[in-house]
Amino acid sequence: NSSDLSSSSFILASIPGLETAHFWMAILLCSMYILAVTGNCVVLFIVKTEPSLHAPMYFFLCMLAVIDLALSTSTVPRILSFYWFNTREISFSACLVQMFFIHTLSAIESTVLLAMAVDRYVAICHPLRHAAILTNAATVKIGLVAMARGVTFFLPLPLLLLPLPFCHSRLLSHSFCLHQDVMNLACANTTPSMVYGLTAILLVMGLDAILICLSYILILKAVLRLASWKERLKVFSTCIAHISVVLAFYVPLIGLSVVHRFGKDLAPLVHIIMGNVYILVPAVINPIIYGVRTKEIQRRILNLI
């Protein structure tokens, strides 16, 4: 007999044969989580207390820090609970809520990265108009649009799964809930959910990635018009931190998508590692990248130390 899991739970994935190593894996994840929280909180504190950093680029950096904090906090404590206390079950409602936060926050982060690319384009290609175009008020509006865009596109994902019956295996592929992972466990027609999920990702992350690439093509054209290589390197070096953050976000995202689409025969370890990389790595390295590449933040951190 089929059983409707809408009032039951799913089972989080563990690594077969490595159950005894969960304690040490949790120590590693907890250390990365503490590093992510500390780094992003330091960035928020420095930008808030340093008047010279009250500019659009640093406001966007604060948005990234808040998103990374929210994304890691919505997943890592539950993973640690699983690894340390063996609480493998997660209720259907909690799974849908976690899924909503993961996908929505990822969409918001993608939009903020696009806004940062536009900020770099305007600063390099139209420097005299930069202050007039990207004002503090415009930055706030961009943040609100990013939030509304993420919620609008990804709120339907858990709603489309809500009426589906689940009568197959309850075992997930990750230690947290993702849309496609949960959808694959349904024993009903999932075509509408699958089509909408793919469409939402293409219209948000896919479109943002194309526009970010277009922004940097225009930036490269403007940089190559400069007279000397020294000037070109000096101008383009202002984009290195943003390019690194973009790669830190999109490479794990693409890797996780590829594993889901084509890696059904891969070992469970690959799925779990890719999922944890996607959740934690950007949150850990984003503040490090900007701390190293931004002299103002670097100087303030040294003063704090």
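The structure this text deals with has already been given above.
Residue positions are given per chain, counted from 1 along the sequence in the order it is written. Selection of residues for local features in this predicted model requires a pLDDT of at least 70, selection of side-chain atom pairs for listing and counting requires 80 or more, and totals for whole chains, interfaces and linings are taken over all residues. Just so you know, side-chain values use all the structure's heavy atoms and leave hydrogens and water out.

J.: An account of the packing of helix α2 (residues 56-73) against helix α6 (residues 136-154) is needed here, citing residue identities and associated values.
T.: Axis angles are defined between N-to-C directions and span 0 to 180 degrees, where every axis is a line fitted to C-alpha atoms and, for a helix, only to the segment in contact. Runs of H or I in DSSP of at least four residues are treated as helices and runs of E of at least two as strands, each being numbered from the N terminus. Interaxial distance between α2 and α6 falls to 10 Å at its minimum, and their mutual angle equals 25 degrees. On the basis of the axis angle, α2 is roughly parallel to α6. Seen along the crossing, α2 lies across α6 with a hand that is right-handed. Where α2 approaches α6, its residues Pro-56, Phe-59, Phe-60 and Met-63 are matched on the opposing element by Asn-136, Thr-139, Ile-142 and Gly-143. Residues that form the contact of α2 with α6 fall into these classes: five nonpolar, three polar and no charged. Here roughly perpendicular refers to angles of 65 to 115 degrees, roughly parallel to angles under 35, roughly antiparallel to angles over 145, and oblique to all remaining angles. Put simply, a crossing is left-handed when the front helix is turned counterclockwise from the back one by less than a right angle, and right-handed when it is turned clockwise. Pairs of residues are marked as contacts when any of their non-hydrogen atoms sit within 4.5 Å. Just so you know the grouping, Ala, Val, Leu, Ile, Met, Phe, Trp, Tyr, Cys and Pro go in nonpolar, Asp, Glu, Lys and Arg go in charged, and all remaining residues, Gly too, go in polar.

J.: Requested: an account of the environment of Leu-61, with residues and values cited.
T.: The residue Leu-61 is located in helix α2 in this model. Expressed as a C-alpha distance, the spacing of Leu-61 and Gly-291, which sit 230 residues apart in the sequence, is 11 Å.

J.: Go over the nonpolar core, please, and point to the residues and values.
T.: If you look at the biggest cluster of nonpolar residues, it comprises 80 residues, and the most contacted ones within it are Phe-10, Val-112, Leu-113 and Val-182. Of all the elements, helix α4 (residues 92-125) adds the most residues to this core, at 15 residues. Nonpolar cores are built from buried Ala, Val, Leu, Ile, Met, Phe, Trp, Tyr and Cys residues. Side-chain atoms within 4.5 Å join them into one set. When accessible area is computed with a 1.4 Å probe and restricted to protein chains, residues below 20% of their type maximum are described as buried, those above 50% as exposed, and intermediate ones as partly exposed.

J.: Which residues make up a nonpolar patch on the surface, and what values do they have?
T.: Only residues whose relative accessible area exceeds 30% and that form no salt bridge enter a patch; like-charged residues are grouped when within 9 Å of one another, and nonpolar side chains (Val, Leu, Ile, Met, Phe, Trp, Tyr) when within 5 Å. What sets the accessible areas is the Shrake-Rupley method with a 1.4 Å probe; for residues, cover comes only from the shown protein chains. Criterion for a salt bridge: a side-chain nitrogen of Lys or Arg within 4 Å of a carboxyl oxygen of Asp or Glu. Residues Phe-23, Trp-24, Ile-27, Trp-84 and Phe-85 make up a contiguous nonpolar surface patch of about 580 Å² in total accessible area. Put simply, the parts of the chain that give the nonpolar patch at least two residues each are α1 (22-49) and α3 (76-85). Take the nonpolar patch: its biggest share by element is three residues, from α1. A relative accessible area of 33% places Ile-27 in the partly exposed class.

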